[in-house]
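The residues making up each chain are set out below.
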Amino acid sequence: MIARMRSPQVGRIGALVAAAAIGGLIATMVLAPRGSVDGISQVPGIPGDVESPILRALDPSEPLMPSGKQVELSQAEENVGYAIYLPSPQAVNGETPEVWYSSATNEVAARFGSELFIEYAPWGKDQGPAKEYAQQAESWHVGQLTEIGGNPAWLIPAHAGGDGVPPVAVVHVSMGGLDITLYGGQSVEDLAQVAATLSTGAQKSAAPGGSA
Amino acid sequence: MIGRAARRWFDETRVAVAILAGFMMVGGVLLFQMHAAYAVTCLSNLYNTTDEASADGRGNRVFGPGMRIYNDNVVCGRVSSLFVKNATETKFVEVGWYEDPIDTNFDYQCLGTTSGPPELFAFVDTGTGYACSLGETLSGVDSFSVRDQNQDGVWTFGHEGDDFYTSPDLGSFNSGLLRTNGERAGNGNEPARSEFDGLDRLDSSGWSPWQGTFEASTSDDPDFHDCIDSDHHVRVIRDGTTC
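Quick summary incoming for the structure in this document. Predicted model, so just to flag it, every value in this text is computed and none were measured.

## Thoughts on the pairing of strand S12 (residues 194–203) of chain B
All names here are of chain B.
At step 1: For S12, the tally of buried residues reaches 8 of 10 residues, placing the bulk of the element in the interior.
At step 2: With 6 bridges connecting them, strand S2 (residues 59–69) and S12 associate as antiparallel partners. Residue pairing across strands places Gly59 opposite Leu202, the latter belonging to S12.
At step 3: When S12 meets strand S16 (residues 233–238), the two strands line up antiparallel, connected through 4 bridges. Paired with Phe196 across the bridge in S16 is Val234.
At step 4: Relative to strand S13 (residues 206–209), S12 runs antiparallel, the two being bridged by 4 bridges. Opposite Asp203, over in S13, you have Gly206 as the bridge partner.

## Comments concerning empty space enclosed by the protein
At step 1: Scanning all chains against the criterion turns up 3 cavities of 30 Å³ or more.
At step 2: By volume, the largest cavity is sized at about 70 Å³.
At step 3: Forming the walls of the largest cavity are A:Gln136, A:Trp140, A:Trp154, A:Val170, A:His172, A:Thr181, A:Tyr183, B:Lys91, B:Thr126, B:Thr128, B:Asp169 and B:Leu170.
At step 4: Those elements that place two or more of their residues in the lining of the largest cavity are helix H4 (129–140), strand S8 (169–175) and strand S9 (178–184) of chain A.
At step 5: Split by residue class, the lining of the largest cavity holds 5 nonpolar, 5 polar and 2 charged.

## A closer look at the nonpolar core
A general trend in soluble globular proteins is that nonpolar side chains are found buried together.
At step 1: By size, the foremost hydrophobic cluster in this structure holds 46 residues, and its most contacted members are B:Leu82, B:Val93, B:Phe144, B:Trp155 and B:Phe157.
At step 2: Core analysis: the next-biggest nonpolar cluster, separate from the first, contains 32 residues, A:Val71, A:Val99, A:Leu182 and A:Leu198 among them.

## Comments concerning the state of the cysteines
Residue and element names in this part refer to chain B.
At step 1: All chains considered together, the criterion is met by 3 disulfides over all chains.
At step 2: Here Cys42 engages in a disulfide with Cys76; their sulfurs sit 2.1 Å apart. Disulfide Cys42-Cys76: torsion about the S-S bond near -95°, hence left-handed. Taken together, the residues Cys42 in strand S1 (residues 42–52) and Cys76 in the loop between S2 and strand S3 (78–85) connect sequence positions 34 residues apart.
At step 3: A relative accessible area of 10% places Cys42 in the buried class.
At step 4: Of note for chain B: the bonded cysteines, numbered N- to C-terminal, pair according to 1-2, 3-4, 5-6.

## Considerations on the pairing of strand S7 (residues 151–156) of chain A
Residue and element names in this part refer to chain A.
At step 1: Relative to S7, strand S6 (residues 144–148) is paired through 5 bridges, and the arrangement is antiparallel. Paired with Glu147 across the strands is Pro152, a residue of S7.
At step 2: The hairpin formed by S6 and S7 contains 2 residues between the paired strands, and Gly149 there has a positive phi angle of roughly 60°.
At step 3: Two strands pair when backbone bridges link them, and S7 and S8 are joined in this way by 4 bridges, in the antiparallel orientation. Among the inter-strand pairings, Ala153 is bridged to a residue of S8, identified as Val173.

## With respect to the packing of aromatic side chains
At step 1: Taken as a whole, this structure holds 11 aromatic pairs over all chains when the rule is applied.
At step 2: Judged by centre distance (5.4 Å) and plane angle (70°), the rings of A:Trp123 and A:Tyr133 are edge-to-face. Of this pair, A:Trp123 sits in the loop between strand S5 (116–122) and H4 while A:Tyr133 sits in helix H4, placing them 10 residues apart in sequence. Like A:Trp123, the residue A:Tyr133 is buried in the burial classification.
At step 3: Members of the aromatic cluster, connected to one another through ring pairs, are B:Phe83, B:Phe92, B:Phe123 and B:Tyr130.
At step 4: Between the NZ or CZ atom of B:Arg61 and the centre of the ring of B:Phe63, over which it lies, the distance is 4.4 Å.
At step 5: Seen from the ring of B:Phe83, B:Lys85 lies directly overhead, with NZ or CZ sitting 5.1 Å from the centre.

## Things to note about the sheet that holds strand S11 (residues 177–186) of chain B
In a beta sheet, neighbouring strands are held together by backbone hydrogen bonds and run either parallel or antiparallel to one another.
Residues and elements named next belong to chain B.
At step 1: A sheet is described by the order of its strands in space; here 7 strands give the open sequence S7-S6-S4-S3-S11-S1-S14, paired in antiparallel fashion. With partners counted over all chains shown, the strands left at the sheet margins are strand S7 (130–137) and strand S14 (214–215), one partner each.
At step 2: Where strand S6 (residues 119–125) lies against S7, 6 bridges are found, and the strand directions are antiparallel. The partner of Val124 across the bridge, within S7, is Ala131.

## Remarks on the environment of B:Glu99
Residue and element names in this part refer to chain B.
At step 1: Within the secondary structure, Glu99 is located in strand S4 (residues 92–99).
At step 2: Its relative accessible area of 4% is what places Glu99 among the buried residues.
At step 3: Setting aside residues up to four positions removed in sequence, Glu99 forms contacts with Tyr70, Asn71, Asp72, Val74, Cys76, Gly77, Arg78, Tyr108, Thr114, Gly116, Pro117 and Pro118.

## Here's the deal with helix H5 (residues 188–195) of chain A
All names here are of chain A.
At step 1: Buried residues of H5: Val188, Leu191, Ala192, Val194 and Ala195, and no others. End-on view of H5: buried residues confined to an arc of 155°, all on one side of the axis. Across from the buried face of H5, at angles greater than 90 degrees, the exposed residues are Glu189 and Gln193.
At step 2: Tucked inside the fold, the buried residues of H5 contact S5, S6, S7, S8 and S9.

About the cut-offs
- Residues numbered from 1 in each chain as written.
- Chains lettered and ligands numbered in written order.
- Predicted model: local features only at pLDDT ≥ 70, side-chain atom pairs only at ≥ 80, totals over all residues.
- Heavy atoms only, no water.
- Buried < 20%, exposed > 50% of the residue type's maximum accessible area, 1.4 Å probe, protein only.
- Helix = DSSP H or I, 4+ residues; strand = E, 2+ residues; numbered from the N terminus.
- Pairing = 2+ DSSP bridges.
- 1 Å grid on protein atoms, 1.4 Å probe; cavity = no way out; pocket = protein on both sides within 12 Å on 5 of 7 lines; lining within 4 Å.
- Points joined across faces, edges and corners; volume = space filled by probe spheres on them.
- Nonpolar A, V, L, I, M, F, W, Y, C, P; charged D, E, K, R; others polar.
- Core = buried A, V, L, I, M, F, W, Y, C linked by side-chain atoms within 4.5 Å.
- Disulfide = S-S within 2.5 Å.
- Phe/Tyr/Trp six-rings, centres within 6.5 Å; stacked < 30°, edge-to-face > 60°.
- Lys NZ or Arg CZ within 6 Å of the ring centre and 35° of its normal.
- Contact = heavy atoms within 4.5 Å.
- Arc of directions from axis to C-beta.

As structure tokens, this is what we get:
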């Protein structure tokens, strides 16, 4: 019985502590910095104001290869030692490509305005394209394996790997010993249709109705 | 009656004073914290100072002695690292050390926060996905490497002679531009100093020293600059400091 009774002094001290706590709580809610809630998230190594290297590559005001230079198609083919596959003019609304070459890495890439760019990379000598695409699709848990014109292909819709990853649709297709990667703002199905028109200059010339 | 009223007034005043004291106490603590945290502004983008070898490679290494690890007092994130990148920069692999203190408004994707000394990390970005690995806390001067020796698209990350991470398959990305990187996420009060001594590139015949080293196009730090002591020894130092 005695233990359940609180003396008036204890009650007053309790009220004072409670009042101080309420005051502190209100002060915390009013004064707490908002910045600690809204965080900035960055990928290490992507410099400056580059939101995404893929989006930068789709911006014609930016260099497609920051350490490369724009060249003629024939010069690029001579430098890398293989034929460059390009989509049919109808598939890219007649847009003439910018062709870029990096002497440091012996890489070539082509850009069609702000809608599409294409990377070309030779496979390693022991790499099989269909197996590589299957392994990557499994490793990264994204995309769909298929064939385009009888060639192994891997289709990745925009945001398939999470918010903004990748920021646009991506289509990999293997042709002529190359891993050809198309990045475009359209749907992955439409991008696959563009990939289906890829051919080299020699193939265009040899096609019925092609110019010599 | 007067005595009771006076006592009541006294009690109410004490409650008001207690509330006021609570405000002042918490406010004081918050102001102290805000001063400590907001003297530095975490940037919405990163600043980098980068050097590049004139030739590409299937591996990048700093070895004998290696990369210096600075345990600076930072509020926002910072990195010192080695890269291999493709020419469009849509794909890269990266190894080095980083700091990303807890309870700031900046975070590196995938890596998480740190407390105390810098930590070992590996990072992979394919444009269509990214992956990372974290390691131990570091100090002193250590060797780091990242390589795809057999060019099968799978990269191996090393620290002090031990392999600590193997990447997912990156397909045809099996060689690229070789770079160093001194990076910060805070304003000019935050350090970006870095040192790489013993830079090597890997090709089909093995490791050999970097040659023709130059400042890369991705350098954009307004407060720090590049210092190329030799082709295989570079530093990142504060503006106003001479090499």
